[in-house]
2 protein chains.
Amino acid sequence: MVHNSPFARKIASYVQLGEIEIQSVSDLYRRRRKFAPGLDLVHQGEIDQSAFIMADGWAFSYKILSDGARQIVNFHIPGDFLGVRSVLFRTSDHNVEPITQIEASEVSKTDLFQTFSKTPRLATAVLWAASRDEAMVVEHLVGVGQRPAPERTAHLILELSTRLKLVGLGDKTGFTCPLTQYHLADAMGLTPVHVNRVLREIREAGMMTFQNGRVTFDDYESLVDFADFDRTYLDQDGPALKM
Amino acid sequence: MVHNSPFARKIASYVQLGEIEIQSVSDLYRRRRKFAPGLDLVHQGEIDQSAFIMADGWAFSYKILSDGARQIVNFHIPGDFLGVRSVLFRTSDHNVEPITQIEASEVSKTDLFQTFSKTPRLATAVLWAASRDEAMVVEHLVGVGQRPAPERTAHLILELSTRLKLVGLGDKTGFTCPLTQYHLADAMGLTPVHVNRVLREIREAGMMTFQNGRVTFDDYESLVDFADFDRTYLDQDGPALKM
DNA sequence: CGTAGCTTTGATGTAGGTCAAGAAATGTGG
DNA sequence: CCACATTTCTTGACCTACATCAAAGCTACG
(Lines give C-alpha, C1' and ligand atoms only; values in the text may rest on other atoms or scores of the structure.)
Protein backbone atom coordinates (compact mmCIF):
# COMPACT_ATOMS: atom_id res chain seq x y z
CA MET A 1 0.00 0.00 0.00
CA VAL A 2 1.17 3.49 0.83
CA HIS A 3 4.10 2.06 2.69
CA ASN A 4 5.30 0.59 -0.51
CA SER A 5 6.09 3.98 -1.95
CA PRO A 6 9.71 5.00 -1.50
CA PHE A 7 8.68 8.34 -0.01
CA ALA A 8 6.43 6.79 2.63
CA ARG A 9 9.06 4.20 3.37
CA LYS A 10 11.67 6.82 3.95
CA ILE A 11 9.42 9.10 5.96
CA ALA A 12 8.27 6.18 8.07
CA SER A 13 11.84 5.48 9.04
CA TYR A 14 12.05 8.97 10.54
CA VAL A 15 8.70 9.34 12.25
CA GLN A 16 5.94 7.06 13.39
CA LEU A 17 3.08 7.56 10.95
CA GLY A 18 -0.47 7.70 12.33
CA GLU A 19 -3.79 7.53 10.47
CA ILE A 20 -3.78 11.16 9.46
CA GLU A 21 -0.21 11.19 8.29
CA ILE A 22 -0.71 8.12 6.12
CA GLN A 23 -3.72 9.80 4.60
CA SER A 24 -1.78 12.99 3.91
CA VAL A 25 1.12 11.17 2.36
CA SER A 26 -1.20 9.23 0.18
CA ASP A 27 -2.97 12.46 -0.86
CA LEU A 28 0.27 14.09 -1.87
CA TYR A 29 1.32 10.96 -3.56
CA ARG A 30 -1.69 10.38 -5.75
CA ARG A 31 -1.19 13.30 -8.10
CA ARG A 32 1.73 11.83 -9.95
CA ARG A 33 2.95 12.87 -13.36
CA LYS A 34 5.60 11.63 -15.71
CA PHE A 35 8.48 13.82 -16.90
CA ALA A 36 10.72 13.12 -19.85
CA PRO A 37 14.50 12.83 -19.51
CA GLY A 38 16.43 15.95 -20.37
CA LEU A 39 13.59 18.42 -19.80
CA ASP A 40 14.25 20.52 -16.71
CA LEU A 41 11.49 20.46 -14.15
CA VAL A 42 12.88 23.28 -12.12
CA HIS A 43 14.89 26.13 -13.52
CA GLN A 44 17.02 28.82 -12.10
CA GLY A 45 15.35 32.15 -11.58
CA GLU A 46 11.83 30.83 -11.69
CA ILE A 47 9.51 32.07 -8.99
CA ASP A 48 6.63 30.36 -7.20
CA GLN A 49 8.31 27.09 -7.80
CA SER A 50 6.64 23.81 -6.82
CA ALA A 51 8.30 21.08 -4.81
CA PHE A 52 8.41 17.51 -6.08
CA ILE A 53 8.25 14.10 -4.51
CA MET A 54 10.16 11.66 -6.64
CA ALA A 55 8.30 8.40 -7.11
CA ASP A 56 10.36 6.76 -9.79
CA GLY A 57 13.48 7.42 -11.83
CA TRP A 58 16.59 9.51 -11.37
CA ALA A 59 17.20 13.27 -11.67
CA PHE A 60 19.90 15.73 -10.71
CA SER A 61 20.14 19.36 -9.65
CA TYR A 62 22.83 21.55 -11.12
CA LYS A 63 24.13 25.01 -11.87
CA ILE A 64 25.64 26.29 -15.09
CA LEU A 65 28.44 28.84 -15.22
CA SER A 66 28.64 31.49 -17.90
CA ASP A 67 31.45 29.58 -19.62
CA GLY A 68 29.17 26.58 -19.93
CA ALA A 69 30.70 24.51 -17.13
CA ARG A 70 28.15 22.47 -15.22
CA GLN A 71 28.32 21.59 -11.55
CA ILE A 72 25.96 18.85 -10.46
CA VAL A 73 24.97 19.55 -6.88
CA ASN A 74 23.12 16.35 -6.09
CA PHE A 75 21.37 13.37 -7.58
CA HIS A 76 17.74 12.64 -6.80
CA ILE A 77 16.26 9.20 -6.46
CA PRO A 78 12.83 7.82 -5.60
CA GLY A 79 11.61 8.99 -2.22
CA ASP A 80 13.42 12.30 -2.39
CA PHE A 81 11.54 15.47 -1.63
CA LEU A 82 13.13 18.16 -3.71
CA GLY A 83 12.79 21.90 -3.91
CA VAL A 84 11.59 22.45 -0.34
CA ARG A 85 13.92 25.38 -0.11
CA SER A 86 12.77 27.04 -3.32
CA VAL A 87 9.15 26.64 -2.31
CA LEU A 88 9.52 27.98 1.18
CA PHE A 89 11.56 30.97 0.36
CA ARG A 90 11.83 32.37 -3.13
CA THR A 91 13.07 31.86 -6.61
CA SER A 92 15.04 28.76 -7.39
CA ASP A 93 18.78 29.22 -7.74
CA HIS A 94 19.40 25.94 -9.54
CA ASN A 95 17.99 23.59 -12.18
CA VAL A 96 16.65 20.07 -11.90
CA GLU A 97 16.81 17.70 -14.85
CA PRO A 98 15.49 14.14 -15.10
CA ILE A 99 18.05 11.55 -16.19
CA THR A 100 15.58 8.79 -16.90
CA GLN A 101 11.91 9.21 -17.38
CA ILE A 102 10.68 10.03 -13.92
CA GLU A 103 7.43 9.96 -12.03
CA ALA A 104 6.96 12.71 -9.52
CA SER A 105 4.16 14.43 -7.64
CA GLU A 106 4.19 18.16 -7.92
CA VAL A 107 3.45 19.78 -4.57
CA SER A 108 2.41 23.40 -4.70
CA LYS A 109 3.28 25.90 -2.04
CA THR A 110 -0.33 25.89 -0.83
CA ASP A 111 -0.51 22.10 -0.62
CA LEU A 112 2.71 22.00 1.27
CA PHE A 113 1.64 24.54 3.86
CA GLN A 114 -1.73 22.89 4.29
CA THR A 115 -0.12 19.55 4.87
CA PHE A 116 2.27 21.15 7.30
CA SER A 117 -0.48 22.60 9.44
CA LYS A 118 -2.62 19.47 9.31
CA THR A 119 0.21 17.12 10.14
CA PRO A 120 3.08 18.75 11.98
CA ARG A 121 4.86 15.42 12.33
CA LEU A 122 5.03 15.20 8.59
CA ALA A 123 6.37 18.73 8.44
CA THR A 124 9.15 17.71 10.78
CA ALA A 125 9.95 14.74 8.62
CA VAL A 126 10.07 16.84 5.47
CA LEU A 127 12.31 19.45 7.05
CA TRP A 128 14.46 16.68 8.39
CA ALA A 129 14.82 15.35 4.88
CA ALA A 130 15.76 18.84 3.68
CA SER A 131 18.40 19.01 6.35
CA ARG A 132 19.78 15.66 5.23
CA ASP A 133 20.07 17.05 1.72
CA GLU A 134 22.00 19.97 3.01
CA ALA A 135 24.39 17.64 4.81
CA MET A 136 24.93 15.86 1.51
CA VAL A 137 25.86 19.06 -0.28
CA VAL A 138 28.37 19.80 2.46
CA GLU A 139 29.79 16.33 2.03
CA HIS A 140 30.13 16.90 -1.71
CA LEU A 141 32.02 20.10 -1.01
CA VAL A 142 34.36 18.19 1.29
CA GLY A 143 34.89 15.57 -1.39
CA VAL A 144 35.60 18.00 -4.20
CA GLY A 145 37.75 20.17 -1.96
CA GLN A 146 39.81 17.52 -0.20
CA ARG A 147 39.52 14.01 -1.60
CA PRO A 148 41.65 12.71 -4.48
CA ALA A 149 39.67 11.57 -7.51
CA PRO A 150 39.58 7.82 -6.78
CA GLU A 151 38.45 8.22 -3.17
CA ARG A 152 35.99 10.89 -4.22
CA THR A 153 34.47 8.59 -6.80
CA ALA A 154 34.21 5.68 -4.38
CA HIS A 155 32.64 7.94 -1.79
CA LEU A 156 29.99 9.24 -4.16
CA ILE A 157 29.01 5.77 -5.26
CA LEU A 158 28.79 4.58 -1.67
CA GLU A 159 26.62 7.54 -0.78
CA LEU A 160 24.26 6.69 -3.63
CA SER A 161 24.21 3.06 -2.61
CA THR A 162 23.32 3.96 0.96
CA ARG A 163 20.48 6.20 -0.14
CA LEU A 164 19.16 3.62 -2.57
CA LYS A 165 19.17 0.88 0.03
CA LEU A 166 17.06 3.08 2.31
CA VAL A 167 14.28 3.11 -0.27
CA GLY A 168 14.66 -0.53 -1.17
CA LEU A 169 16.59 -0.13 -4.41
CA GLY A 170 19.80 -2.07 -4.55
CA ASP A 171 21.61 -3.97 -1.84
CA LYS A 172 25.11 -4.91 -0.69
CA THR A 173 25.87 -6.44 -4.06
CA GLY A 174 25.16 -3.29 -6.07
CA PHE A 175 22.45 -1.30 -7.80
CA THR A 176 21.03 -0.32 -11.16
CA CYS A 177 22.48 3.03 -12.17
CA PRO A 178 21.51 5.20 -15.14
CA LEU A 179 24.32 7.70 -14.61
CA THR A 180 26.85 8.27 -17.36
CA GLN A 181 30.49 9.01 -16.69
CA TYR A 182 29.69 12.58 -17.72
CA HIS A 183 27.29 12.87 -14.81
CA LEU A 184 29.90 11.59 -12.40
CA ALA A 185 32.44 13.98 -13.88
CA ASP A 186 30.24 17.05 -13.47
CA ALA A 187 29.28 16.04 -9.96
CA MET A 188 32.88 15.63 -8.89
CA GLY A 189 34.58 18.43 -10.78
CA LEU A 190 36.58 16.06 -12.99
CA THR A 191 36.71 15.35 -16.73
CA PRO A 192 34.83 12.36 -18.12
CA VAL A 193 38.14 11.01 -19.40
CA HIS A 194 39.63 11.02 -15.96
CA VAL A 195 36.51 9.51 -14.41
CA ASN A 196 36.88 6.68 -16.87
CA ARG A 197 40.46 6.01 -15.85
CA VAL A 198 39.59 6.19 -12.17
CA LEU A 199 36.73 3.73 -12.61
CA ARG A 200 39.07 1.34 -14.34
CA GLU A 201 41.56 1.67 -11.53
CA ILE A 202 38.88 0.91 -8.94
CA ARG A 203 37.61 -2.00 -10.99
CA GLU A 204 41.09 -3.44 -11.46
CA ALA A 205 41.69 -3.13 -7.74
CA GLY A 206 38.76 -5.52 -7.39
CA MET A 207 36.59 -3.12 -5.41
CA MET A 208 33.74 -2.10 -7.67
CA THR A 209 32.50 -2.29 -11.25
CA PHE A 210 30.60 0.56 -12.89
CA GLN A 211 29.40 -0.79 -16.22
CA ASN A 212 26.36 -1.24 -18.42
CA GLY A 213 24.02 0.71 -16.22
CA ARG A 214 24.92 -1.19 -13.11
CA VAL A 215 27.20 -0.71 -10.12
CA THR A 216 28.53 -3.96 -8.68
CA PHE A 217 30.41 -4.08 -5.42
CA ASP A 218 33.16 -6.62 -5.80
CA ASP A 219 34.55 -5.94 -2.36
CA TYR A 220 32.30 -3.67 -0.38
CA GLU A 221 34.44 -3.61 2.76
CA SER A 222 37.61 -2.55 0.95
CA LEU A 223 35.69 0.10 -0.89
CA VAL A 224 34.28 1.60 2.31
CA ASP A 225 37.74 1.53 3.72
CA PHE A 226 39.32 3.05 0.66
CA ALA A 227 36.77 5.87 0.45
CA ASP A 228 36.96 6.51 4.19
CA PHE A 229 33.19 6.30 4.08
CA ASP A 230 31.46 6.98 7.38
CA ARG A 231 28.90 4.24 7.90
CA THR A 232 26.79 6.46 10.15
CA TYR A 233 26.54 9.09 7.41
CA LEU A 234 22.90 9.40 6.37
CA ASP A 235 21.86 7.11 9.17
CA GLN A 236 18.64 8.33 10.53
CA ASP A 237 18.84 8.56 14.25
CA GLY A 238 15.56 10.39 13.95
CA PRO A 239 14.69 14.08 14.10
CA ALA A 240 14.00 16.16 17.17
CA LEU A 241 10.48 14.87 17.54
CA LYS A 242 9.94 15.62 21.21
CA MET A 243 9.47 19.28 20.36
CA MET B 1 19.40 50.97 19.32
CA VAL B 2 18.37 47.46 18.39
CA HIS B 3 18.58 48.37 14.77
CA ASN B 4 22.24 49.04 15.22
CA SER B 5 22.96 45.38 15.80
CA PRO B 6 24.07 43.58 12.66
CA PHE B 7 21.51 40.84 13.20
CA ALA B 8 18.57 43.23 13.49
CA ARG B 9 19.86 45.20 10.56
CA LYS B 10 20.01 42.13 8.40
CA ILE B 11 16.65 40.78 9.54
CA ALA B 12 15.05 44.16 8.99
CA SER B 13 16.14 44.10 5.39
CA TYR B 14 14.12 40.91 4.90
CA VAL B 15 10.97 41.62 6.84
CA GLN B 16 9.27 44.66 8.25
CA LEU B 17 9.80 44.52 12.01
CA GLY B 18 6.91 45.43 14.28
CA GLU B 19 6.90 46.16 18.00
CA ILE B 20 6.84 42.52 19.03
CA GLU B 21 9.54 41.47 16.65
CA ILE B 22 11.88 44.20 17.80
CA GLN B 23 11.26 43.12 21.36
CA SER B 24 12.00 39.49 20.52
CA VAL B 25 15.16 40.30 18.66
CA SER B 26 16.33 42.41 21.48
CA ASP B 27 15.53 39.59 23.95
CA LEU B 28 17.56 37.09 21.98
CA TYR B 29 20.26 39.61 21.57
CA ARG B 30 20.77 40.58 25.18
CA ARG B 31 22.28 37.32 26.39
CA ARG B 32 25.62 37.74 24.72
CA ARG B 33 28.83 35.98 25.62
CA LYS B 34 32.41 36.21 24.47
CA PHE B 35 34.24 33.24 22.99
CA ALA B 36 37.99 32.95 22.54
CA PRO B 37 39.58 32.35 19.14
CA GLY B 38 40.46 28.76 18.38
CA LEU B 39 38.02 27.18 20.80
CA ASP B 40 35.23 25.44 18.95
CA LEU B 41 31.75 26.52 19.89
CA VAL B 42 30.02 23.75 18.04
CA HIS B 43 31.47 20.34 17.49
CA GLN B 44 30.67 17.46 15.32
CA GLY B 45 28.56 14.74 16.88
CA GLU B 46 27.29 16.87 19.71
CA ILE B 47 23.58 16.62 20.39
CA ASP B 48 21.11 19.20 21.66
CA GLN B 49 23.24 21.86 20.13
CA SER B 50 22.40 25.53 20.57
CA ALA B 51 22.19 28.03 17.75
CA PHE B 52 24.20 31.25 17.86
CA ILE B 53 23.64 34.76 16.70
CA MET B 54 26.97 36.34 15.88
CA ALA B 55 27.26 39.86 17.25
CA ASP B 56 30.91 40.55 16.70
CA GLY B 57 33.98 38.86 15.24
CA TRP B 58 34.55 36.17 12.66
CA ALA B 59 34.18 32.38 12.80
CA PHE B 60 34.08 29.49 10.38
CA SER B 61 32.44 26.10 10.13
CA TYR B 62 34.44 23.14 8.92
CA LYS B 63 34.84 19.40 8.70
CA ILE B 64 38.00 17.38 9.30
CA LEU B 65 38.83 14.22 7.35
CA SER B 66 40.54 11.25 8.94
CA ASP B 67 43.81 12.17 7.23
CA GLY B 68 43.69 15.57 8.90
CA ALA B 69 42.58 17.55 5.85
CA ARG B 70 40.25 20.40 6.71
CA GLN B 71 37.45 21.72 4.54
CA ILE B 72 36.06 25.07 5.58
CA VAL B 73 32.39 25.14 4.63
CA ASN B 74 31.62 28.77 5.34
CA PHE B 75 32.76 31.84 7.20
CA HIS B 76 30.52 33.54 9.72
CA ILE B 77 30.36 37.24 10.32
CA PRO B 78 28.33 39.53 12.56
CA GLY B 79 24.61 39.17 11.97
CA ASP B 80 24.80 35.53 10.99
CA PHE B 81 22.47 33.06 12.61
CA LEU B 82 24.33 29.81 12.73
CA GLY B 83 23.41 26.28 13.65
CA VAL B 84 19.70 26.55 12.85
CA ARG B 85 19.87 23.21 11.15
CA SER B 86 21.62 21.43 14.02
CA VAL B 87 19.14 22.84 16.50
CA LEU B 88 16.05 22.01 14.57
CA PHE B 89 16.95 18.53 13.62
CA ARG B 90 19.69 16.59 15.36
CA THR B 91 23.34 16.32 16.13
CA SER B 92 25.76 18.66 14.48
CA ASP B 93 27.77 17.24 11.61
CA HIS B 94 30.38 19.97 11.57
CA ASN B 95 32.48 22.21 13.82
CA VAL B 96 32.46 25.94 14.32
CA GLU B 97 35.59 27.77 15.41
CA PRO B 98 36.04 31.46 16.16
CA ILE B 99 38.81 33.18 14.22
CA THR B 100 38.90 36.34 16.30
CA GLN B 101 37.43 36.75 19.70
CA ILE B 102 33.73 36.75 19.04
CA GLU B 103 30.60 37.88 20.77
CA ALA B 104 27.57 35.71 20.23
CA SER B 105 24.21 35.01 21.83
CA GLU B 106 23.52 31.38 22.47
CA VAL B 107 19.95 30.50 21.53
CA SER B 108 18.65 27.26 22.96
CA LYS B 109 16.22 25.04 21.15
CA THR B 110 13.45 26.10 23.54
CA ASP B 111 14.13 29.81 23.07
CA LEU B 112 14.12 29.39 19.37
CA PHE B 113 10.80 27.57 19.24
CA GLN B 114 9.23 30.06 21.63
CA THR B 115 10.35 32.94 19.51
CA PHE B 116 9.07 31.18 16.44
CA SER B 117 5.59 30.75 17.81
CA LYS B 118 5.44 34.26 19.27
CA THR B 119 6.72 35.95 16.14
CA PRO B 120 6.15 33.95 12.99
CA ARG B 121 7.55 36.74 10.84
CA LEU B 122 10.82 36.39 12.64
CA ALA B 123 10.69 32.65 12.06
CA THR B 124 10.35 33.28 8.36
CA ALA B 125 13.29 35.62 8.42
CA VAL B 126 15.45 33.13 10.27
CA LEU B 127 14.57 30.29 7.92
CA TRP B 128 15.19 32.58 5.02
CA ALA B 129 18.63 33.29 6.40
CA ALA B 130 19.23 29.56 6.73
CA SER B 131 18.24 29.10 3.12
CA ARG B 132 20.65 31.81 2.08
CA ASP B 133 23.40 29.94 3.88
CA GLU B 134 22.55 26.81 1.98
CA ALA B 135 22.76 28.73 -1.28
CA MET B 136 26.23 29.85 -0.26
CA VAL B 137 27.39 26.30 0.35
CA VAL B 138 26.13 25.35 -3.11
CA GLU B 139 28.02 28.29 -4.56
CA HIS B 140 31.19 27.14 -2.79
CA LEU B 141 30.73 23.70 -4.30
CA VAL B 142 30.40 25.28 -7.73
CA GLY B 143 33.55 27.28 -7.14
CA VAL B 144 35.67 24.40 -5.93
CA GLY B 145 34.32 22.11 -8.63
CA GLN B 146 34.46 24.40 -11.64
CA ARG B 147 36.35 27.64 -11.13
CA PRO B 148 40.11 28.00 -11.60
CA ALA B 149 41.98 29.14 -8.51
CA PRO B 150 42.24 32.87 -9.32
CA GLU B 151 38.55 33.24 -10.21
CA ARG B 152 37.60 31.13 -7.22
CA THR B 153 39.59 33.35 -4.92
CA ALA B 154 38.15 36.54 -6.37
CA HIS B 155 34.66 35.13 -6.08
CA LEU B 156 35.04 34.18 -2.44
CA ILE B 157 36.35 37.61 -1.51
CA LEU B 158 33.52 39.31 -3.37
CA GLU B 159 30.99 37.11 -1.59
CA LEU B 160 32.45 38.10 1.76
CA SER B 161 32.47 41.73 0.76
CA THR B 162 28.81 41.59 -0.22
CA ARG B 163 27.83 39.97 3.05
CA LEU B 164 29.86 42.44 5.07
CA LYS B 165 28.35 45.43 3.33
CA LEU B 166 24.88 44.14 4.22
CA VAL B 167 25.70 44.44 7.90
CA GLY B 168 27.53 47.70 7.54
CA LEU B 169 31.09 46.40 7.70
CA GLY B 170 33.24 47.46 4.81
CA ASP B 171 32.30 49.23 1.60
CA LYS B 172 33.25 49.45 -2.07
CA THR B 173 36.82 50.27 -1.16
CA GLY B 174 37.39 47.12 0.92
CA PHE B 175 37.03 45.63 4.38
CA THR B 176 38.95 44.56 7.46
CA CYS B 177 39.66 40.85 7.24
CA PRO B 178 41.17 38.60 9.91
CA LEU B 179 41.46 35.59 7.61
CA THR B 180 44.86 34.05 6.99
CA GLN B 181 45.87 32.57 3.68
CA TYR B 182 45.49 29.19 5.38
CA HIS B 183 41.82 29.89 5.92
CA LEU B 184 41.35 30.81 2.29
CA ALA B 185 43.26 27.70 1.24
CA ASP B 186 41.10 25.34 3.31
CA ALA B 187 37.91 27.01 2.15
CA MET B 188 38.86 26.70 -1.50
CA GLY B 189 40.60 23.34 -1.56
CA LEU B 190 44.00 24.83 -2.41
CA THR B 191 47.37 24.96 -0.68
CA PRO B 192 48.38 28.09 1.23
CA VAL B 193 51.38 28.40 -1.08
CA HIS B 194 49.20 28.51 -4.12
CA VAL B 195 46.77 30.93 -2.52
CA ASN B 196 49.70 33.21 -1.92
CA ARG B 197 50.72 33.14 -5.57
CA VAL B 198 47.16 33.69 -6.72
CA LEU B 199 46.75 36.67 -4.42
CA ARG B 200 49.92 38.16 -5.80
CA GLU B 201 48.67 37.64 -9.33
CA ILE B 202 45.39 39.37 -8.55
CA ARG B 203 47.21 42.18 -6.81
CA GLU B 204 49.64 42.66 -9.69
CA ALA B 205 46.72 42.73 -12.09
CA GLY B 206 45.60 45.79 -10.13
CA MET B 207 42.30 44.28 -9.02
CA MET B 208 42.59 43.68 -5.30
CA THR B 209 45.03 43.68 -2.41
CA PHE B 210 44.79 41.18 0.44
CA GLN B 211 47.33 42.31 3.01
CA ASN B 212 47.84 43.15 6.66
CA GLY B 213 44.36 42.14 7.74
CA ARG B 214 42.66 44.19 5.09
CA VAL B 215 41.15 43.60 1.68
CA THR B 216 41.38 46.58 -0.63
CA PHE B 217 39.58 46.71 -3.94
CA ASP B 218 41.84 48.41 -6.42
CA ASP B 219 39.45 47.90 -9.30
CA TYR B 220 36.12 46.55 -8.13
CA GLU B 221 34.52 46.41 -11.56
CA SER B 222 37.29 44.37 -13.12
CA LEU B 223 37.27 42.02 -10.18
CA VAL B 224 33.53 41.36 -10.47
CA ASP B 225 34.03 40.79 -14.12
CA PHE B 226 37.00 38.53 -13.65
CA ALA B 227 35.26 36.40 -11.02
CA ASP B 228 32.05 36.26 -13.04
CA PHE B 229 30.37 37.36 -9.84
CA ASP B 230 26.60 37.59 -10.02
CA ARG B 231 25.59 40.91 -8.52
CA THR B 232 22.16 39.62 -7.61
CA TYR B 233 23.70 36.77 -5.61
CA LEU B 234 22.74 37.23 -1.96
CA ASP B 235 20.46 40.09 -2.90
CA GLN B 236 17.45 39.96 -0.74
CA ASP B 237 14.36 40.23 -2.83
CA GLY B 238 12.58 39.18 0.35
CA PRO B 239 11.14 35.86 1.48
CA ALA B 240 7.72 34.47 0.69
CA LEU B 241 6.00 36.63 3.26
CA LYS B 242 2.49 36.58 1.84
CA MET B 243 2.02 33.10 3.18
C1' DC C 1 21.63 -0.06 -40.05
C1' DG C 2 23.16 4.50 -39.47
C1' DT C 3 24.14 8.12 -36.57
C1' DA C 4 24.50 10.09 -32.08
C1' DG C 5 25.85 9.39 -27.59
C1' DC C 6 28.78 6.86 -24.64
C1' DT C 7 33.24 4.56 -23.37
C1' DT C 8 38.03 3.57 -23.70
C1' DT C 9 42.83 4.38 -24.57
C1' DG C 10 47.19 6.91 -25.87
C1' DA C 11 50.19 11.07 -26.08
C1' DT C 12 51.09 15.26 -24.24
C1' DG C 13 50.29 19.70 -21.51
C1' DT C 14 49.53 22.46 -17.28
C1' DA C 15 47.42 24.06 -12.94
C1' DG C 16 48.31 23.45 -8.78
C1' DG C 17 50.92 20.54 -5.20
C1' DT C 18 55.22 19.56 -2.50
C1' DC C 19 59.46 20.65 -0.38
C1' DA C 20 62.45 23.95 1.46
C1' DA C 21 63.92 28.11 3.52
C1' DG C 22 64.18 32.89 4.48
C1' DA C 23 61.56 37.35 5.63
C1' DA C 24 57.71 39.78 7.84
C1' DA C 25 54.52 40.27 11.05
C1' DT C 26 52.44 39.30 15.49
C1' DG C 27 52.34 37.95 19.99
C1' DT C 28 54.31 37.11 24.92
C1' DG C 29 56.77 37.41 29.03
C1' DG C 30 59.90 40.10 31.54
C1' DC D 1 59.22 48.65 25.50
C1' DC D 2 62.33 45.19 24.22
C1' DA D 3 64.04 40.14 23.25
C1' DC D 4 62.41 36.05 21.67
C1' DA D 5 59.03 32.69 19.83
C1' DT D 6 55.49 31.64 16.89
C1' DT D 7 52.67 32.22 13.37
C1' DT D 8 52.15 34.01 8.83
C1' DC D 9 53.81 35.26 4.32
C1' DT D 10 56.71 34.91 0.28
C1' DT D 11 59.52 32.98 -3.20
C1' DG D 12 62.17 29.37 -5.83
C1' DA D 13 62.89 24.64 -7.72
C1' DC D 14 60.71 20.74 -8.84
C1' DC D 15 56.83 17.22 -9.28
C1' DT D 16 52.22 14.94 -10.11
C1' DA D 17 47.30 14.59 -10.58
C1' DC D 18 44.37 15.68 -13.60
C1' DA D 19 43.23 18.18 -18.09
C1' DT D 20 43.39 18.44 -23.04
C1' DC D 21 43.49 16.70 -27.55
C1' DA D 22 42.70 13.04 -30.59
C1' DA D 23 40.79 8.94 -32.29
C1' DA D 24 38.85 4.40 -32.28
C1' DG D 25 35.42 1.08 -30.60
C1' DC D 26 31.07 0.31 -28.49
C1' DT D 27 25.64 0.56 -27.82
C1' DA D 28 21.41 1.82 -28.69
C1' DC D 29 17.48 3.10 -30.71
C1' DG D 30 14.76 5.69 -34.47
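Residues numbered from 1 in each chain as written. Chains lettered and ligands numbered in written order. Predicted model: local features only at pLDDT ≥ 70, side-chain atom pairs only at ≥ 80, totals over all residues. Heavy atoms only, no water.

Another point: the protein's contact with DNA strand D. What surrounds DNA strand D is a group of 15 residues, the closest being A:T191, A:R197, B:Q181, B:N196 and B:R200. When the atoms of DNA strand D within 4 Å of the protein are grouped by moiety, sugar and phosphate amount to 72% of the total. B:N196 is positioned such that a nitrogen or oxygen atom in its side chain is 2.9 Å from a phosphate oxygen of DNA strand D. Within the contact set of DNA strand D, a phosphate oxygen lies 2.7 Å away from a side-chain nitrogen or oxygen of B:R200. Only α8 (192-204) of chain A together with α8 (192-204) of chain B provide two or more residues apiece to the surface near DNA strand D. Considering each element in turn, the surface near DNA strand D owes the most residues, 4 residues, to α8(B). Residues belonging to the surface near DNA strand D are distributed by class as follows: 5 nonpolar, 7 polar and 3 charged. (Near = heavy atom within 4 Å. Polar contact = N/O pair within 3.5 Å; in protein donor to acceptor, adjacent residues only side chain to side chain. Helix = DSSP H or I, 4+ residues; strand = E, 2+ residues; numbered from the N terminus. Nonpolar A, V, L, I, M, F, W, Y, C, P; charged D, E, K, R; others polar.)

Our focus in this paragraph is the layout of surface pockets. One way to see where empty space is left: roll a probe the size of a water molecule over the atoms. Approximately 570 Å³ is the volume found for the second largest pocket. If you go around the second largest pocket, you meet 27 residues; those closest to its centre are A:D230, A:Y233, B:Q44, B:K63 and B:D93. For the lining of the second largest pocket, the elements supplying multiple residues, two or more each, are α5 (120-146) of chain A together with β3 (59-64) and α3 (84-89) of chain B. With 4 residues, the single largest contributor to the lining of the second largest pocket is α5(A). Its residues assigned to classes, the lining of the second largest pocket shows 7 nonpolar, 10 polar and 10 charged. (1 Å grid on protein atoms, 1.4 Å probe; cavity = no way out; pocket = protein on both sides within 12 Å on 5 of 7 lines; lining within 4 Å. Points joined across faces, edges and corners; volume = space filled by probe spheres on them.)

All names here are of chain A. Counting across every chain of the model gives 14 aromatic pairs over all chains. Geometrically, the ring pair formed by F217 and Y220 is edge-to-face, given 5.1 Å between the ring centres and 80° between the ring planes. Overall, F217 belongs to the buried group, its relative accessible area being 8%. Ring pairs connect the aromatic residues F175, F217 and Y220, which therefore count as one cluster. (Phe/Tyr/Trp six-rings, centres within 6.5 Å; stacked < 30°, edge-to-face > 60°. Buried < 20%, exposed > 50% of the residue type's maximum accessible area, 1.4 Å probe, protein only.)

Around DNA strand C sit 17 residues, and of these A:Q181, A:N196, A:R200, B:T191 and B:R197 come closest. For DNA strand C, the backbone makes up 69% of the atoms found within 4 Å of the protein, where backbone means sugar plus phosphate. Note that a phosphate oxygen of DNA strand C is positioned 2.8 Å from one of the side-chain N or O atoms of A:N196. Separating a phosphate oxygen of DNA strand C from a side-chain N or O atom of B:T191 is a distance of 2.7 Å. Only α7 (181-188) and α8 of chain A together with α6 (149-166) and α8 of chain B provide two or more residues apiece to the surface near DNA strand C. By residue number, the principal contributor to the surface near DNA strand C is α8(A), which donates 4 residues.

Treat this as a map of the structure, not an account of what it does.
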